[in-house]
Amino acid sequence: MNGLVLDAGNSIIKSKTFSGGELAFPHAMTPISEPQYLDILRSYADAPPDDFLRINGRCYVVGDSAERFGVSQHERGPARYGRDYVGILAAAAIARNYNTSCDLAVFAAHPPGHIDYADLLMASILGVWDIEIRARSLRFTVSYVNTFDEPSGGLMNALLTEDGTSYANPALRGQRILVIDIGGGTTDWIETDETGQIDYGVSHTEPLGIDDILGQFARAFKARYKNATKSANRLAPERVREALNTGVFRGGGDELDCREEADQARNQLINLVLRETRSRYGGGFNYDAILLTGGGCGLLHSYIIPLLENSNIHLAAQPDELHLANVRGGLKLWRLYKAIGVIS
Amino acid sequence: MSKRTRKSVVISARLYEDDPNEATALSVHQKWNKNGYSTNEIITRSLLALDEQPMPDKPDRLASRLQDIIRELQGIISRVGQGGIVAAAPPSEAAPGVTIDQSLIDSLKGRANPGRRIEAE
């Protein structure tokens, strides 16, 4: 069966096909008019990039090109769970992953705090999608949808083998583990007890993620370099992400120091993670291990690890691949669900 | 009688023991402090003495950034040396094939929803 694990996060749309192909693109989407779309098609001698699509009769720019397009529609939190928003992003992810029309299943991730919206998420993706992409017309029928929560995906990626039926990392078996997932728009926590059970009763979602501190950083940077940036209505998102990580902003042919602004922005999220970890979960000392997942941990793990009061801290994937850990684990969870009969 | 408020500025700095210069500065501070001089007095005397010398060139940004990176790496090496694991989960190829505990399966089953299927036309 064809299928796709999808994490339509607030910052990056991540996907992994059941056959293993991985794809990530920025969470950015702009509906455009038919004449605009046709103009864009005409400007390419060959097929236009994957970012330009017609989906069920309407034209869109998604991903990198939508970021460059300037004005991008960006819904956050549960507001994105609609057929005309997350449905479009899911359809774009499907069309980018498959070259031919097909029926498929989608296993979609959501923050644990959005469990009440799982039905809405499934309804947004299920159904027929007629898509024009790369100068070809394709039809995708999403005949089955199910959901999982993002930090569980990270946990499964660290815990299970590729087929989802054995422990890949016995060091984490039988451990009381706190999973911290820093995403684009939310930070989530779940925990397991010594018997391996995930205690969903104490899972928690805070509506603050990497996107928020990127925005704060961009404002502080523009305030410091107001002359250099006075005509820049917006800063290139990929440059902002890079600068938050390196403390140096590449712009106007120069390299501008912004370590202080990057530190201040990072500290806002780090302080939230520490405060919630301590007040809700009693701190890292209460756990045998801590698992960090999500793209935010990819940027912040070196700052957070020394502060978590635990010497047994794992990453759910390599640091530069942490944003993909949840979809990788989602595929393992899907295979486990199949093996134990949850999904027929 | 009017109350007078003294204007002041707080200066704070972190001194690293693994930096030879800062470690020496720290021991100088401790020695003077032990002899009854407050941090305020020590900093004031030091800064006044410093002002009598010609100002050396400030180390460039790259050198200072490299120093930060070295400190960060030393921290990571030290944590790993103390038994702390700071690494990604091992690749699945290294899997020893231990079957999943029933308790984990039960908790996943309890959480799973049936999903949604497209209705037959």
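Look a little higher up for the structure.
On a predicted model such as this, the values are computed, not experimentally measured, just so you know.

Rules and cut-offs
- Residues numbered from 1 in each chain as written.
- Chains lettered and ligands numbered in written order.
- Predicted model: local features only at pLDDT ≥ 70, side-chain atom pairs only at ≥ 80, totals over all residues.
- Heavy atoms only, no water.
- Helix = DSSP H or I, 4+ residues; strand = E, 2+ residues; numbered from the N terminus.
- Buried < 20%, exposed > 50% of the residue type's maximum accessible area, 1.4 Å probe, protein only.
- Areas by Shrake-Rupley, 256 points an atom, 1.4 Å probe, with all protein chains shown as cover.
- Core = buried A, V, L, I, M, F, W, Y, C linked by side-chain atoms within 4.5 Å.
- Contact = heavy atoms within 4.5 Å.
- Buried area = accessible area lost by both parts, 1.4 Å probe.
- Salt bridge = Lys/Arg side-chain N within 4 Å of Asp/Glu carboxyl O.
- Nonpolar A, V, L, I, M, F, W, Y, C, P; charged D, E, K, R; others polar.
- Pairing = 2+ DSSP bridges.
- Polar contact = N/O pair within 3.5 Å; in protein donor to acceptor, adjacent residues only side chain to side chain.
- Phe/Tyr/Trp six-rings, centres within 6.5 Å; stacked < 30°, edge-to-face > 60°.

Draft legend 1. Looking closely at the overall build of chain B. A count of helices and strands for chain B gives four helices and three strands. When its helices and strands are written in sequence order, chain B yields α-α-α-β-β-α-β. The buried share among the 121 residues of chain B stands at 16%. Here chain B has roughly 10,400 Å² of accessible surface; of this, 55% comes from carbon and sulfur atoms.

Draft legend 2. Seen up close, the nonpolar core. Core analysis: the biggest nonpolar cluster contains 76 residues, and Leu155, Ile180, Ile182, Phe217, Phe249 and Leu292 of chain A together with Leu108 of chain B have the highest contact counts within it. Dropping the residues within four chain positions of it, Leu108 of chain B is found in contact with Met156, Ile198, Tyr200, Leu333, Leu336 and Tyr337 of chain A. Counting 38 residues, the second largest nonpolar core, distinct from the first, contains Leu6, Tyr81, Tyr85 and Met122 of chain A.

Draft legend 3. View of the interface of chain B and chain A. Contacts between the two partners involve 36 residues from chain B, matched on the other side by 56 residues from chain A. Across the chain B/chain A interface, buried area totals approximately 4,000 Å², and carbon plus sulfur atoms make up 57% of it. Taking the shortest distance from any N to any O, the salt bridge between Arg111 of chain B and Asp149 of chain A comes out at 3.7 Å. Classifying every residue of the side of chain B that touches chain A by side-chain character gives 16 nonpolar, ten polar and ten charged. Relative to strand S3 (residues 116–117) of chain B, strand S9 (residues 136–149) of chain A is paired through two bridges, and the arrangement is antiparallel. The residue bridging Val145 of chain A from the neighbouring strand is Arg116 of chain B, located in S3 of chain B.

Draft legend 4. Fine view of the side chain of Thr205 of chain A. Residues and elements named next belong to chain A. In this fold, Thr205 is placed in strand S13 (residues 198–206). Only 2.8 Å separates the side chain of Thr205 from the backbone nitrogen of Gly113, close enough to count as a polar contact. Here Asp188 takes part through its side chain, which lies 2.8 Å from a polar atom of the side chain of Thr205. Beyond its immediate chain neighbours, meaning those up to four positions away, Thr205 contacts Pro111, Pro112, Gly113, Thr186, Thr187 and Asp188.

Draft legend 5. Representation of the pattern of salt bridges in the model. All names here are of chain A. The final tally for this structure, using the stated rule, is 22 salt bridges over all chains. Among the ionic pairs, Lys16 bridges to Glu22, the shortest N-O distance being 3.0 Å. Judged by its relative accessible area of 10%, Lys16 falls in the buried class. Glu132 is the salt-bridge partner of Arg54, the closest N and O atoms lying 3.4 Å from each other. One end of the pair, Arg54, is in strand S5 (residues 52–55); the other, Glu132, is in strand S8 (residues 127–133), and 78 residues separate them in sequence. One connected set of salt bridges, linked through shared partners, spans Lys16, Glu22, Glu321 and Arg328.

Draft legend 6. Spatial organisation of unusual backbone geometry. Residues and elements named next belong to chain A. Of note, Arg134 is a non-glycine position whose phi angle comes to about 50°, a positive value. Relative to the assigned elements, Arg134 resides in the loop between S8 and S9. Positive phi outside glycine occurs at Glu309, with the angle close to 55°. Position of Glu309 among the secondary structure elements: in the loop between helix H10 (295–304) and strand S17 (312–315).

Draft legend 7. Expanded view of the packing of aromatic side chains. Residue and element names in this part refer to chain A. Under the counting rule described, the total for this entry stands at twelve aromatic pairs over all chains. Ring geometry for Tyr98 versus Phe140: centroids 6.4 Å apart, planes at 50°, classification tilted. Taken as a pair, Tyr98 in the loop between helix H3 (86–97) and strand S7 (102–110) and Phe140 in strand S9 lie far apart in primary sequence, 42 residues in all. Of the two residues, Tyr98 and Phe140, neither departs from the other in class, the shared state being buried. Measuring from ring centre to ring centre gives 4.4 Å for Phe221 and Phe249, while their planes differ by 25°; the resulting arrangement is stacked. With Phe221 in helix H6 (residues 210–224) and Phe249 in strand S14 (residues 248–251), this pair connects stretches of sequence that are 28 residues apart. In this structure Phe249 comes out as buried when scored by relative accessible area, which is 6%. The structure contains a cluster of three or more aromatic residues connected by ring pairs, namely Phe18, Phe107, Tyr144, Phe148, Trp334 and Tyr337.

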